[in-house]
Amino acid sequence: MEDLRARRGSAATTEAPVHHRGTNQSGMRDQNERLVLSLVRQNGSLAKSEIARMTRLSVQTVSVIMRELEDDGLLLRQEPQRGKVGQPSIPMALNPDGAYFLGLKIGRRSAELVLIDFLGNVRGMLQNSYRYPAPRDILDFVEAGIKRLRAGMTAEQDKRIAGLGIAMPFELWNWADTAGAPREIMDQWRHRDIRADVQARCTFPVYLQNDATAACGAELVFGQTGNLRDFVYFYIGAFAGGGVVLNGSLYGGSTGNAGALGSMPVPGPNGRPTQLIDVASLAMLEKALNAKGIDANYLWTTPDRWDHDGPEFDSWFESAGGALAYAIVSSAAVIDFEAAVIDGWMPTFARERLVDAVRKALTGIDVEGLRVPDVRGGTVGIHARALGGASLPLSERFLVGAAMPSGGS
């Protein structure tokens, strides 16, 4: 077997609302393999006759593709399903051990390193909290963390690591003052190629994407989005950001910075315009808590549990919800999104409260002439950025509609 060879065919064209049409032409097998893997991922398991119907490929072509994928260890045979007539069909499912992926989230207040299998199950996760990210410390964390995660794998599993994806804010050095970090440390990021630095420590491909866009990719690949084809996505971490999904694929734009929703203008104090990042970010909540003498460090160290409540939280939910509502309406004026999905570095109850605050704020905005997207909570949760990083090599190498991250080889 070739060692997890890269499948880099172009994305298939869309012929129907949900399914992609394949091609029987020679030389296009890589594209069709991606298509089969994507459909099996979306449906849990499929027989070759079902895949042939969905893709309009011949049954013979599908049989060859599925046999190849099975030989590569990417698909597993399931129990035969007997119908009333004819031979029993044999559905195929993804093999959890078919491939492994690493995801690295570099945030303004914490870093995470995650190892997932081919189904997206988390096999290991490490976290490091800090006051601000220093390049040298991040690289030490990555190097030690990869060794630790790989030490728990068998030799067969280890050779199936297909890549590492980095999810981090672009132009991190621009946020030194807001993050309360020493400018000389943050300026180091301006002159570092973090993807190349990590690649020098790895034998597998390394990819890079904006952190909020990567989180959006995690919602698309691992989340419960149903049949949503077009949605705008907001991730509320230390700073607010987001991503855009169009026609069922993550849209990064020409520079990978599409969906830079944190920079979207929204009403600020006294009605003056400000950026979403200056209202809806958790850094604003931390600042309000610190002003009251409350240690807010738990916002970063225990995002699944908030041990405090009070007027500072009430004020933040109201202002963040209002700012997000304006950002959603502005987005809907450009693209007719089906939904606006909101997730973040916060407990489930807090995410639900934020979604409710957004819905309430929307009732006070003039939306005449617009179709307001359905506002819903994300389904991936606090680790969306790290999982989004891991989804980069998965999408780039095995699925249609790849996120087009930078890097990889």
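These figures come from a predicted structure and were not determined experimentally. (Residues numbered from 1 in each chain as written. Predicted model: local features only at pLDDT ≥ 70, side-chain atom pairs only at ≥ 80, totals over all residues. Heavy atoms only, no water.)

**What to know about the packing of helix α10 (residues 282-291) against helix α12 (residues 311-332)**
Put simply, α10 and α12 touch, their axes get as near as 10 Å, and they point 150° apart. Between α10 and α12, the interaxial angle falls into the category roughly antiparallel. Considering how the two elements wind past one another, α10 and α12 form a crossing that is right-handed. Of the residues in α12, those touching α10 at Leu282, Met284, Leu285, Ala288 and Leu289 are Glu312, Phe313 and Trp316. For the contact of α10 with α12, a count of residues per class yields seven nonpolar, no polar and one charged. (Axes fitted to C-alpha atoms, helices over the stretch in contact; angles between N-to-C directions. Helix = DSSP H or I, 4+ residues; strand = E, 2+ residues; numbered from the N terminus. Parallel < 35°, antiparallel > 145°, perpendicular 65-115°, else oblique. Left-handed = near helix turned anticlockwise from the far one by under 90°. Contact = heavy atoms within 4.5 Å. Nonpolar A, V, L, I, M, F, W, Y, C, P; charged D, E, K, R; others polar.)

**Let's talk about the sheet that holds strand β3 (residues 92-94)**
Strand order in the open sheet formed by three strands is β1-β3-β2, and the pairing between neighbours is antiparallel. A strand with exactly one partner marks an edge of an open sheet, and here the two such strands are β1 (45-46) and β2 (75-77). Here β1 pairs with β3 via two bridges, running antiparallel. Residue leucine 46 lies in a different strand from β3, and its bridge partner there is methionine 92. Contacts from helix α3 (residues 59-71) reach β1, β2 and β3 within the one sheet, and its direction differs from that of β2 by about 100°. (Pairing = 2+ DSSP bridges.)

**Quick look at the pairing of strand β10 (residues 240-246)**
Most of β10 sits out of view: six of its seven residues are buried. Note that strand β9 (residues 231-236) and β10 share six bridges and pair antiparallel. Directly across from phenylalanine 234, in β10, lies its bridge partner glycine 242. Between β9 and β10, which pair antiparallel in sequence order, lie three residues. The antiparallel pairing of β10 with strand β11 (residues 249-251) creates a hairpin that spans two residues between the two strands, and asparagine 247 there sits at a positive phi of about 55°. (Buried < 20%, exposed > 50% of the residue type's maximum accessible area, 1.4 Å probe, protein only.)

**Examining the confidence of the model for the protein chain**
Across the protein chain, the average pLDDT comes to 87, with 88% of residues at or above 70. Within the protein chain, strand β14 (residues 339-344) carries the highest mean pLDDT (98), whereas strand β16 (residues 406-407) carries the lowest (60). Below pLDDT 50 for its whole length, residues 1-20 participates in 61 contacts with residues either more than four positions away or in separate chains. Per-residue pLDDT stays below 50 along residues 23-29; that stretch engages in ten contacts with residues further than four places along the chain or on separate chains. (pLDDT = per-residue confidence, 0-100.)

**A few points about empty space enclosed by the protein**
According to the stated counting rule, one finds one cavity of 30 Å³ or more in the structure shown. Taken as a whole, the largest cavity encloses approximately 50 Å³ of empty space. Surrounding the largest cavity, Lys105, Gly107, Arg108, Arg109, Ser110, Ala238, Trp300, Trp345 and Arg385 form its lining. Each residue belonging to the lining of the largest cavity can be placed in one class, and the counts come to three nonpolar, two polar and four charged. (1 Å grid on protein atoms, 1.4 Å probe; cavity = no way out; pocket = protein on both sides within 12 Å on 5 of 7 lines; lining within 4 Å. Points joined across faces, edges and corners; volume = space filled by probe spheres on them.)

**Some words on the pattern of salt bridges**
Side chains that differ in sign of charge can pair as their charged atoms come close. Inspection of the entire model under this criterion finds 20 salt bridges. The partner of aspartate 117 in a salt bridge is arginine 123, with the nearest N and O atoms 3.0 Å apart. By relative accessible area, which is 1% here, aspartate 117 ends up buried. A salt bridge links arginine 351 to aspartate 343; the nearest nitrogen and oxygen atoms lie 3.2 Å apart. You'll find arginine 351 and aspartate 343 in the same group, each marked buried. Linked by salt bridges that have partners in common, Asp97, Asp117 and Arg123 make up one network. (Salt bridge = Lys/Arg side-chain N within 4 Å of Asp/Glu carboxyl O.)

**Quick look at the packing of aromatic side chains**
Using the criterion set out here, one finds six aromatic pairs in the structure. Measuring from ring centre to ring centre gives 5.4 Å for phenylalanine 118 and phenylalanine 398, while their planes differ by 70°; the resulting arrangement is edge-to-face. Here phenylalanine 398 lies in helix α14 (residues 384-398) and phenylalanine 118 lies in the loop between β5 (110-116) and β6 (122-129), a separation of 280 residues in the sequence. The class of phenylalanine 118 is buried, set by a relative accessible area of 1%. Each ring, one from tryptophan 316 and one from phenylalanine 317, has its centre 5.2 Å from the other, and the planes form 70°; the classification is edge-to-face. Counting every residue linked through ring pairs, the aromatic cluster contains Phe101, Phe118 and Phe398. Above the face of the phenylalanine 118 ring, arginine 41 is positioned so that its terminal group lies 5.6 Å from the ring centre. Looking at lysine 105, its charged tip hangs above the ring of tryptophan 345, at a distance of 4.2 Å from the centre. (Phe/Tyr/Trp six-rings, centres within 6.5 Å; stacked < 30°, edge-to-face > 60°. Lys NZ or Arg CZ within 6 Å of the ring centre and 35° of its normal.)

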